[in-house]
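Coordinate inspection notes
One letter stands for each residue in the lines below.
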Amino acid sequence: MRVLDRRDLLKSVSLLGAVSYGVPASAKATDRAAPSPAPEAASGPSPREVLSLNKGWRFFEGDIPFPKILGHGWSYANAKAGSAWGAAAAAYDDTEWTNVTLPHDFASFQVPDERENLAQGYRKRGIGWYRNLLKFEESDRGKHIELQLDGISTHATLWLNGTLINRNWSGYNSIYVDITPYLSYGAALNSLVVRVDADAMQGWWYEGAGIYRNTWIVKRHPLHIETDGVFAHPVKTGDQWQIPVEVTLNNTTDRPQSAEIVSSLVDAAGRVVGTCRLTAQIPAMQTGVATGRMNVQNPTLWDIDSPYLYQVRTQLIQQGRILDEVVTPAGFRTQSFDPDKGFFLNDRPVKLKGVCIHQDHAGVGVAVPVGLLEYRLHRLKELGCNAIRCSHNAQDKAFYALCDRMGFLVMDENRVFNPSPIHMAELEWLVRRDRNHPSVILWSVFNEEPMQGTEQGYQMVRRMVAKVKSLDTTRPVTAAMNDGLFTPVNVSQAVDVVGFNYQYQNYDAFHKAHPTLPLTSSEDCSAFMTRGEYKTIKDKHIIASYDDDAADWGTTQRVGWKAIAERPFVAGTFVWTGFDYHGEPTPHQWPSNSSFFGIMDLCGFAKTAFWMRRAMWRSEPVLHLAPHWNWAGQEGQDILVMALHNMDEVELFLNGRSLGRQTGDRYEMNRWSVAYAPGKLSAVGYRGGKVVKRFEVETTGAPVQLKLTPFRPLMKGDGIDAQPFTVEALDAKGRHMPTAQHSVRFTVEGGDIIGLGNGNPNDISREKGDTRALFNGLAQVIVQTREGQSGPLVLKAMAEGLKPATLSIDVQAAQPWPYQAVSESVQITENWRRAPEQAGPPDPHLRPKDNDMNSWGWFRAGVPFPAPDRDMEVLCAVEVEPYARVRKSGGVIECLGLLGPATLYIDGQKVAEKTSDDSAPLSAPFPRGAGKHWVSLIFRARRGQPFGFTDVVRVRA
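Counting from 1, residues in each chain are numbered in the order their sequence is written. For this predicted model, a pLDDT threshold of at least 70 governs which residues receive local features, and a threshold of 80 or more governs which side-chain atom pairs are given and counted, while totals over whole chains, interfaces and linings are taken from all residues. Just so you know, side-chain values use all the structure's heavy atoms and leave hydrogens and water out.

1. Some details on the overall build of the chain
Numbered from the N terminus, helices here are DSSP runs of H or I no shorter than four residues, and strands are runs of E no shorter than two. The helix and strand inventory of the chain stands at ten helices and 60 strands. For 957 residues, the compact-globule estimate of 2.2 N^0.38 gives 30 Å, and the C-alpha radius of gyration of the chain, at 32 Å, lies within 12% of that figure. When the backbone C-alpha atoms are referred to their principal axes, the chain occupies close to 110 × 75 × 55 Å. With a 1.4 Å probe rolled over the protein chains alone, any residue whose accessible area is under 20% of its type maximum counts as buried; one over 50% counts as exposed, and the rest are partly exposed. Out of the 957 residues in the chain, the part that is buried amounts to 61%. Contact criterion: two residues are considered in contact whenever any of their non-hydrogen atoms come within 4.5 Å of each other. Within the chain, counting contacts between residues at least 6 apart in sequence, those at least 24 apart form 73% of the total. Side-chain charges in the chain split into 102 positive and 105 negative, and the spacing between the mean points of these groups amounts to 2 Å. Radius of gyration here uses only the C-alpha atoms, and the compact-globule reference equals 2.2 Å multiplied by the residue count raised to the power 0.38. Charge counting treats Lys and Arg as positive and Asp and Glu as negative, with His and both chain ends excluded. Charged side chains are reduced to one point each, which is NZ for Lys, CZ for Arg, CG for Asp and CD for Glu.

So, in structure tokens, the structure goes:
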């Protein structure tokens, strides 16, 4: 099978398969549905199983030092597979650890602490251990079984059954491990251990801690499609649409395999509208790439306003049997960056109206449920945002599926600027995982690197760009530069699109010096606001919301956008940031523990910047006023009033009296200084001399009641769905009270509270639990459903002196995810040894000498010994230190399967005997008390008959 890279494939005329099909131009996109975050799940009769491994975990916060290795035997055993010690050992006692369900960000449970790092939101991170026991049936034997961890913060070490199987050095990339060689089946449980080092930092923002994304077990045929192994992104050459198909296969059988690959294009109505057939031959224990092409006539295009999605269904078939199947998204769209005219989507100019985002949210840290991701993207759509920069790392894969369905353009960004093998592999993973998403339009290889203006930086980027282009030539590569653009050798000379961070003063000079290089603002503004505050009080870390304050290196929202909007050659903007985020509380320190940069706060509540950007970015009439009109005690004092709008003219009224009609300024907006008087402040917006929009704010009464508002009216009872609820205070007329600061307590029936927030960057209270204070009238509670639940979910909010609010929403019965079978903590005995043959009856007290590596053999219980050529007695023994519960109260030792007669001893004392020749269990009481015990089994083996262990030996309370 010929191996081609993407560039070869696009140029090739001798492809393995090419079929043309027409696509009805009238095909319509279906209603947007929440994406499944499962990895490449099949839709048909495929033997592939994708099972969640989010359940069954036990967690210990803090480090558990490994024991010091001493002595001959221990030193020898330590160097062998399956011999991990300490908390990594297969039989380590984790019975008293905390039970957790993933995703899990243990830093999000911390209360801000002034002694911790401000960049991480003053949250303690540190070390954490996770353990699980996996159960695989005999029917799983012979399958290819892969462990997939979508994200761990930050450095991770993985052991399976006491063998080190992976070390990971990034908090943002996935980990894929073929665990087939290490597995046991049946009652022999499999110990999976993850040690997380979250003291390691990759960023200067809140990064969370722990296994904070989903975890999976994927079971496939030994001849299968590799993870992230299908590339089928449509391209247009002239007037012809094609889907170059690239399928990476893996063969872990013991012989060469041939198979057929069928890739089908499926439209949104489920109709097959194109097919490509390939053949492949894969040598044993190798991978290979099959390539082909589909020609497609008149496809429905994917666009930001009509994100029509197809699917490419790829099946691996052998002798008429489907061995594997993968479904990937496909969207037909063209893109280009022009050095004079900016960005084009489907041959029309589109200004990138983008934001930079981190991946955390109030209450949950970086363990963000899919329902909450959907809420965040919905808020960005309301803003008028059409583009998102993943700063400065890969996001959860569910994020990209949502962007595909909701119509966002994505700059996908690599975390570590380093072409070394470890970090180049992380870049390759990013591109391979995300290259089918139509939402992704740019690959970014770094952000603001000190070597960006040097020859070393140029050479590093050349290598990283080459790696990207070996995997995908359909999208350009950029880098976010904040300096070095005019040095003789710099990174801008190695990328396709030049990214500008905070250099709006240099747009014109760079364009003049390099007229053939496309450019975009990859990051700008860094403006400050505190939601709901309109007077700056520096000693309280409060920043007024009039867009007058920005970081030393940045500029205001208005200045930043004007510089881009008036320059066609600048493709667009990515504002820092769409949302506030934990950590990096610039320009302040303690107690500030989240950023002030966001267009929205940490909960997604709108700041003044939201309405400002909405007015600048959306074409429909927008008119909003800041501030609120509750200024008791300041009667007669001047209040600065700002109209956020896209009108030709705006007129302001106070209690029906006109305060002046101003010509609209859509960049600077419009301002009035108004002597405060209680009542109604209103604005009228004009276009072409006609009234097209009105807005008003009123002085409210005292708060008397609470109100709860859900993001969605329905939820799924799958134990995964989650959404935010807004709580606010209202006056007697039902009007929002913008200055309320009441402490609110929540209760929920039919669900669980997983996080709380209020958007206050200076709030140092806990984000877990059931209580949160309103901040300037608003707070948020995030609720998750329970598996198997249906019927009403009832949320109640209570605050002293206010009428409580009760909200009931419907939870619909939903199919839960399929889960990998796991077990509670059970002690499976390990490191059994078989004594050498002896003259006479074996002594059950007998132990090997510490320096004896050979005469006593090691083995794992579960496989019988071969038949001897004569009658004999055989001693097998193991040292057992029982778990805490057994030490406290005693327990039972269970030999689940012994073949042949055998006698069981504990510390040399006979405790049970089996006399039958067949395979049968044997059990006995296990003594309580501290210390280790020598467990011996003496088999009376008979000539010509196998004997020994047919299953594991375990100790339980």
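That was the structure; now back to the text.
2. Overview of the packing of aromatic side chains
Here the aromatic set is Phe, Tyr and Trp, taking the six-membered ring for Trp, and pairing holds for ring centres within 6.5 Å; pairs whose planes are under 30 degrees apart are stacked, those over 60 apart are edge-to-face, and all others are tilted. The final tally for this structure, using the stated rule, is 38 aromatic pairs. A ring pair is formed by Phe 500 and Phe 510, whose centres lie 5.3 Å apart and whose planes are at 80°; its orientation type is edge-to-face. Within this pair, whereas Phe 500 is found in strand E30 (residues 497-501), its partner Phe 510 is found in helix H7 (residues 507-513), the two being separated by ten residues in sequence. Assessed through its relative accessible area of 0%, Phe 500 is described here as buried. Taking relative accessible area as the criterion, Phe 510 reaches 0% and is therefore assigned buried. Aromatic pair Phe 610 and Trp 611: ring centres 5.2 Å apart, planes at 75°, arrangement edge-to-face. Of the aromatic side chains, those joined through ring pairs into one cluster are Trp 832, Phe 859, Phe 865, Phe 939, Phe 947 and Phe 949. A ring is considered to have a charge above it if a Lys NZ or an Arg CZ atom is located within 6 Å of its centre and within 35 degrees of its normal. Residue placement shows Lys 381 over the ring face of Phe 408; its charged tip is 5.0 Å from the ring centre. Against the face of Phe 109 rests Lys 768, its NZ or CZ located 4.5 Å from the ring centre.

3. Observations regarding the sheet that holds strand E55 (residues 902-906)
A pair of strands is considered paired only if DSSP assigns at least 2 bridges between the two. Spatially, E52-E51-E53-E58-E55-E56 is the arrangement adopted by the six strands of the open sheet, whose pairing is antiparallel. Looking at the sheet topology across the chains shown, the edges are occupied by strand E52 (857-859) and strand E56 (909-914). Strand-to-strand twist in this sheet, taken as the mean axis angle between neighbours without regard to direction, amounts to 25°. Working convention: axes come from line fits to C-alpha atoms, limited for helices to the stretch in contact. Angles between N-to-C directions cover 0 to 180 degrees.

4. Details of the packing of helix H3 (residues 370-383) against helix H9 (residues 608-617)
At their nearest, the axes of H3 and H9 sit 8 Å apart, and the two run at 55° to each other. Regarding the angle of H3 to H9, the classification is oblique. Contact residues: H3 offers Arg 379, Glu 382 and Leu 383, while H9 offers Phe 610, Arg 613, Arg 614 and Trp 617. Grouping the constituent residues of the contact of H3 with H9 by class yields three nonpolar, no polar and four charged. Roughly parallel refers to an angle under 35 degrees, roughly antiparallel to one over 145, roughly perpendicular to one between 65 and 115, and oblique to any angle outside these ranges. For this scheme, ten residues count as nonpolar: Ala, Val, Leu, Ile, Met, Phe, Trp, Tyr, Cys and Pro. Four count as charged, namely Asp, Glu, Lys and Arg, and the remainder, Gly too, count as polar.

5. Focus: the side chain of Thr 785
Assignment of secondary structure puts Thr 785 in strand E46 (residues 778-785). Taking relative accessible area as the criterion, Thr 785 reaches 3% and is therefore assigned buried. As used in this structure description, the phrase polar contact means that two N or O atoms lie within 3.5 Å; if the pair is within protein, one of them must be able to donate a hydrogen and the other to accept it, and residues adjacent in sequence are counted only when both atoms belong to side chains. A distance of 2.8 Å separates the side chain of Thr 785 from the backbone oxygen of Lys 716, its partner in a polar contact. When residues no more than four places from it in sequence are discounted, the contact partners of Thr 785 are Met 715, Lys 716, Gly 717, Asp 718, Gly 719, Ile 720, Asp 721 and Val 811.

6. Details of the nonpolar core
A general feature of soluble globular proteins is that nonpolar side chains tend to end up buried together. Put simply, buried Ala, Val, Leu, Ile, Met, Phe, Trp, Tyr and Cys residues joined by side-chain atoms within 4.5 Å make one nonpolar core. Grouped together as the largest cluster of nonpolar side chains are 99 residues, with contacts concentrated most on Leu 380, Phe 399 and Trp 629. Core analysis: the next-biggest nonpolar cluster, separate from the first, contains 60 residues, Leu 147, Ile 179, Val 350 and Val 497 among them.

7. Section: unusual backbone geometry
The omega angle of the peptide bond from Thr 586 to Pro 587 is 10°, so this bond is cis rather than trans. As for its position among the elements, Pro 587 is in the loop between strand E32 (572-576) and H9. Omega for the bond connecting Ala 626 with Pro 627 falls within 30 degrees of zero, at 10°, which places this linkage in the cis form. The residue Pro 627 is located in the loop between strand E33 (623-626) and strand E34 (638-645) in this model. A positive phi is found at Met 669, a non-glycine position, where the angle reads about 65°. With respect to the element layout, Met 669 can be found in the loop between strand E36 (657-663) and strand E37 (670-675). Residue Met 669 is classed as buried on the basis of its relative accessible area, which comes to 4%. For Asn 831, which is not glycine, the phi dihedral falls at a positive 65°. Secondary-structure assignment places Asn 831 in the loop between strand E50 (827-828) and strand E51 (832-834).

8. Here we look at the pattern of salt bridges
Basic side-chain nitrogens of Lys or Arg form a salt bridge, by our definition, when they fall within 4 Å of a carboxyl oxygen of Asp or Glu. The tally for this structure, following the rule as stated, stands at 53 salt bridges. The residue Asp 548 makes a salt bridge to Arg 671 at a minimum N-O spacing of 2.7 Å. Of this pair, Asp 548 sits in the loop between strand E31 (519-525) and helix H8 (557-565) while Arg 671 is found in strand E37, placing the two residues 123 residues apart along the sequence. The partly exposed category is assigned to Asp 548, whose relative accessible area is 44%. Note that Asp 731 and Arg 735 form a salt bridge whose closest N and O atoms lie 2.8 Å from each other. Through salt bridges with shared partners, one network takes in Asp 547, Asp 548, Arg 558, Glu 668 and Arg 671.

9. Some points on the confidence of the model for the chain
Summary of the metric used: pLDDT quantifies the predictor's per-residue confidence within the range 0 to 100. In this model, the chain carries an average pLDDT of 94, and 95% of its residues clear a pLDDT of 70 or more. Here residues 1-36 is modelled with pLDDT under 50, and outside its nearest four sequence neighbours on either side it reaches 95 contacts, counting other chains as well.

10. Side note on the pairing of strand E43 (residues 743-749)
Successive residues of a regular strand alternate their side chains across the two faces of the sheet. The alternating pattern of E43 places Val 744, Phe 746 and Val 748 on a buried face and Ser 743, Arg 745, Thr 747 and Glu 749 on a face that is not buried. By the bridge criterion, three bridges tie E43 to strand E45 (residues 771-773) in an arrangement that is antiparallel. Following the sheet pairing, Arg 745 is matched in E45 by Thr 771.

11. Focus on the sheet that holds strand E21 (residues 321-330)
Read from one edge to the other, the open sheet built from four strands follows the order E18-E17-E20-E21, with strand pairing classed as antiparallel. Each having just a single partner strand, strand E18 (272-282) and E21 make up the two edges of the open sheet. Here the strands of the sheet are splayed against their neighbours by 20° on average, with no regard to which way each runs.

12. So, the layout of surface pockets
Its boundaries defined by the atoms lining it, the largest pocket holds a volume of some 1300 Å³. Considering the residues around the largest pocket, the lining is formed by 42 residues, among which Trp 74, Trp 85, Asn 831, Glu 879 and Lys 932 are closest to the centre. Those elements that provide at least two residues to the lining of the largest pocket are helix H2 (72-78), strand E53 (872-880) and helix H10 (884-889). When the residues that make up the lining of the largest pocket are grouped by side-chain class, the tally is 21 nonpolar, eight polar and 13 charged. With a 1 Å grid spanning the protein atoms alone, the term cavity applies to any set of points in which a 1.4 Å probe fits but cannot get out, the term pocket to an open set with protein on both sides within 12 Å along at least five of seven lines, and the term lining residue to any residue with an atom within 4 Å of a point. Grid points are joined across faces, edges and corners, and a volume is the space filled by probe spheres set on the points.

13. Remarks on empty space enclosed by the protein
Under the criterion given, the structure shown has five cavities of 30 Å³ or more. Reported here for the largest cavity is a volume of approximately 90 Å³. Lining the largest cavity are Asn 161, Ser 184, Ala 188, Leu 189, Asn 190, Ile 828, Thr 829, Glu 830, Arg 860, Ala 861, Val 952 and Val 953. Residues belonging to the lining of the largest cavity are distributed by class as follows: six nonpolar, four polar and two charged. As a volume, the second largest cavity reaches approximately 70 Å³. Every residue lining the second largest cavity is listed: Ser 170, Tyr 172, Asn 173, Asn 393, Ala 394, Glu 413, Asn 414, Arg 415, Val 416, Glu 426, Trp 429 and Leu 430. Classifying every residue of the lining of the second largest cavity by side-chain character gives five nonpolar, four polar and three charged.

14. Things to note about helix H4 (residues 397-406)
Counting buried positions over the ten residues of H4 gives nine, a clear majority of the element. Among the residues of H4, Lys 397, Ala 398, Phe 399, Tyr 400, Ala 401, Leu 402, Cys 403, Asp 404 and Met 406 are the ones counted as buried. Of the residues flanking the start of H4, the one acting as N-cap is Asp 396, its side-chain oxygen 2.8 Å from the backbone nitrogen of Ala 398.

15. With respect to the packing of helix H5 (residues 421-434) against helix H6 (residues 455-471)
Viewed as axis vectors pointing N to C, H5 and H6 meet at an angle of 35°, and their least axial separation amounts to 10 Å. For the crossing formed where H5 meets H6, the hand is right-handed. Across the interface between the two elements, Met 424, Leu 427, Glu 428, Val 431 and Arg 432 from H5 touch Arg 463, Met 464, Lys 467, Val 468 and Leu 471 from H6. Of the residues belonging to the contact of H5 with H6, the class tally is six nonpolar, no polar and four charged. We call a crossing left-handed when the near helix sits turned anticlockwise from the far one by less than a right angle, and right-handed when that turn is clockwise.

16. Some words on the environment of Ala 839
In this fold, Ala 839 is placed in the loop between E51 and E52. Accessibility expressed as a relative area gives 86% for Ala 839, which makes it exposed. In the structure, Ala 839 is positioned 563 residues away from Cys 276 in sequence and 70 Å away in space, judged by C-alpha atoms.

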